[in-house]
Amino acid sequence: MGLKQTFFLCIALIAAAVFQGCSSTSWVVVDEEALDISDYELVMSRYYLESTNGISPNQPLIHFDLKSINTYEYAERVKTERYIQRYRPRIGYVLLGAAGAGLSYYAAFSDQLLDRPTDEQRYALMGAGTLLTGLSFMNMKPVGEPTRTGESRLLRQTGTATEVDTTDARPYNTGNPGIRISYNNRVLVENEEWDFNGGRISINLAEEVDAGIFGESPTQNIVVEAFYDSLSQKKEVSVPSVFEQFVVVDVQITALRNEPESNPGNILTDLAEGSQLKLVSKEGDWYKVLYGISETWVSANDVRTIWRPSEFASDLSVIAIPNVPFGSIDVERNIPVLGRSSLNSGAFILSNNQYEGELSERIYGQRDAKLMEEYFIQGFGVRSTRVFKAMNAPSDLMVERAYSRLAATLNGSRHNLNVYLNGYAEIRDGQVYLLGSELTEGGELPLIDLSKLFRAFNNLDLNSIKVFADLDILNESGSSAALEDLASIITDQNFASAVFFASRPDQRSGIYSSTNGEQNRHSIFTYYLAEAIKQRNMSMNAIFDHLERNVPFTSRSLYERPQNPLFFGNRELELLN
């Protein structure tokens, strides 16, 4: 081999040194106490009932799950893992071996170092060069970190370890579970033959509990207990987490409003007794309720709250009475002109229909007052400037101010005075009082003394006076003496006087409206009073006869209760003088 061949051989060896490498594998101990999950023994099991699920009116289900706490003993063994390590020749040793090999080959095939080497010498030199080359490749260095192959082995056992695991369990005997539901220390439901659903006891509280037992604001929780074999578990849930609250109209008619205030302009419609709406919240004396998808308002005094399952909302009974404008009812139209406009006539209207506190609104009370005002002006000929009103008077003070304006206007020649009163009233110590509209600091409605007002009317220079009192007396009294005494304050002083009362003291003054019948939107008394005048009944006797024929009959038809109007005074007195 010549020098040229030797040179190319060295280059090839160096290139091989650069690109050639190898790898090896080894098993490494990584844990001497590794758990052998395939080698275990169940030492002990303990069962219990657990309830962790949330509950809501949309999902009123409470679950008690059968659980098992299992104790296992596992074998601990030596754990080894397999790694791969890559190696690469050391370049310095490769170059050194290549140089030695080249020198040996050069000596073997040239006469420069040895004079005519024999064949044995050449073979020895070539063997030495090959050996040097091989040895240079044997000296390698590791490249990077060992790489895990993912293979592992568990070897000899070194000990044992205990593990505890909680799992869902299945019933472990043939017995049935039992349940008990209590509220306020009273058992509502008890069943010892309930069923498992797999390993679960499921109870639909909305189906098992009667929601009618709960008051407006329940302070106690519903207590639910589950039993199985010797196991038991108890959970308390609040009433609002199971049921939703609804309101039911508890008066004959109440107004549905778009704002929480008593204002004729914010009435959306009227709701009949028994109408049901979903409660959103309570704010003061008002309930925010859902009417369809709209948030609306009703007076808290006109409804009662109930608790029901959430699906009750899909079957609500809402009896809406459309809100029609004034002039739509027959007695509001075509009012006859019975007398000419006169400066010798006046009118006084005292109407309370909106009350603070627990009293319901006197539905249609304001409409009744407007109706009588129109009859006084259009029918009786009273000029509008001589109609004096005290609307929703909180106390005597507003009434006295209205009376003062009346007295100043009617000062002079004799006048004919027409008076209309409506609102809630009470009889105390034989005296009749109209209730004021606003609560006092003590939380009570003030009393407006009607005897004082009637005596004030006697101070006016009157030719005649007619009083139409639509009083809804709250405290029942079997005797009419208090009303007769009140009327006598006027009738004893003026022969040309008449006083009408809507009912006896032990009766209520109802409104003329029924759920499935006529909607006349006035009190029964005021409606038939206006009807009597519209039919031109001109004497007190004829008007009272019309009231006696119609008011009791209508009240019994609508409410199955009596309402007998009363009259005191001169029956022969004409409506207009």
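One can find the structure itself at the top, above this paragraph.
This write-up is about the structure you can find in this document. All values derive from a computational prediction rather than experimental measurement.

Strand order across the open sheet formed by four strands is E5-E4-E7-E8, with antiparallel pairing between neighbours. One side of each edge strand has no neighbouring strand; the edge strands of this open sheet are strand E5 (186-191) and strand E8 (231-237). Here the average twist between neighbouring strands, direction ignored, is 15 degrees. Strand direction decides the pairing type here: strand E4 (residues 178-183) and E5, joined by five bridges, are antiparallel. Opposite Arg180, over in E5, you have Glu190 as the bridge partner.

Our next topic: the pattern of salt bridges. Under the criterion given, the structure shown has 25 salt bridges. When the shortest N-O distance is used, the salt bridge between Arg77 and Asp39 registers 3.0 Å. Of this pair, Arg77 sits in strand E2 (residues 61-89) while Asp39 sits in strand E1 (residues 22-50), and the two are 38 residues apart along the sequence. Asp39 gets classed as partly exposed once you look at its relative accessible area, which sits at 30%. Overlapping salt bridges bring together Arg362, Asp470, Asp472 and Arg508 as one network.

Residues three or four positions apart in an α-helix share a direction because the helix packs 3.6 residues into each turn. Residues Leu450, Ser451, Leu453, Phe454, Ala456 and Phe457 constitute the buried set of helix H7 (residues 450-458). At the N-terminal boundary of H7, the capping side chain belongs to Asp449, with an oxygen 3.0 Å from the backbone nitrogen of Ser451.

Our focus in this paragraph is the packing of helix H5 (residues 365-379) against helix H9 (residues 524-534). To characterise two packed helices, one gives the angle between the axes of the helices and the distance between these axes. Where H5 contacts H9, the two axes come as close as 10 Å, and the packing angle between them is 15 degrees. With respect to H9, the axis of H5 lies roughly parallel. Read as a crossing pair, H5 and H9 show a hand that is left-handed. Contacts from Asp368, Leu371, Met372 and Tyr375 of H5 reach H9 at Thr526, Leu529, Ala530, Ile533 and Lys534. Classifying every residue of the contact of H5 with H9 by side-chain character gives six nonpolar, one polar and two charged.

Right, let's talk about the packing of aromatic side chains for a bit. Counting across every chain of the model gives 22 aromatic pairs. Consider the rings of Tyr40 and Tyr74, whose centres lie 5.7 Å apart with planes at 40 degrees: the pair is tilted. Of this pair, Tyr40 sits in strand E1 while Tyr74 sits in strand E2; the two residues are 34 residues apart in sequence, bridging distant segments of the chain. Using a relative accessible area of 46% as the deciding quantity, one classes Tyr40 as partly exposed. Judged by relative accessible area, which is 15%, Tyr74 ranks as buried. An aromatic cluster of at least three residues, connected via ring pairs, comprises Tyr47, Tyr172, Phe196 and Tyr228. In this structure, Arg308 is placed above the aromatic ring of Phe312, and the distance from its NZ or CZ to the ring centre is 5.8 Å. Sitting above the plane of the Tyr424 ring, Arg362 keeps its charged end 5.9 Å from the centroid.

Definitions and cut-offs
Residues numbered from 1 in each chain as written. Predicted model: local features only at pLDDT ≥ 70, side-chain atom pairs only at ≥ 80, totals over all residues. Heavy atoms only, no water. Pairing = 2+ DSSP bridges. Helix = DSSP H or I, 4+ residues; strand = E, 2+ residues; numbered from the N terminus. Axes fitted to C-alpha atoms, helices over the stretch in contact; angles between N-to-C directions. Salt bridge = Lys/Arg side-chain N within 4 Å of Asp/Glu carboxyl O. Buried < 20%, exposed > 50% of the residue type's maximum accessible area, 1.4 Å probe, protein only. Polar contact = N/O pair within 3.5 Å; in protein donor to acceptor, adjacent residues only side chain to side chain. Parallel < 35°, antiparallel > 145°, perpendicular 65-115°, else oblique. Left-handed = near helix turned anticlockwise from the far one by under 90°. Contact = heavy atoms within 4.5 Å. Nonpolar A, V, L, I, M, F, W, Y, C, P; charged D, E, K, R; others polar. Phe/Tyr/Trp six-rings, centres within 6.5 Å; stacked < 30°, edge-to-face > 60°. Lys NZ or Arg CZ within 6 Å of the ring centre and 35° of its normal.

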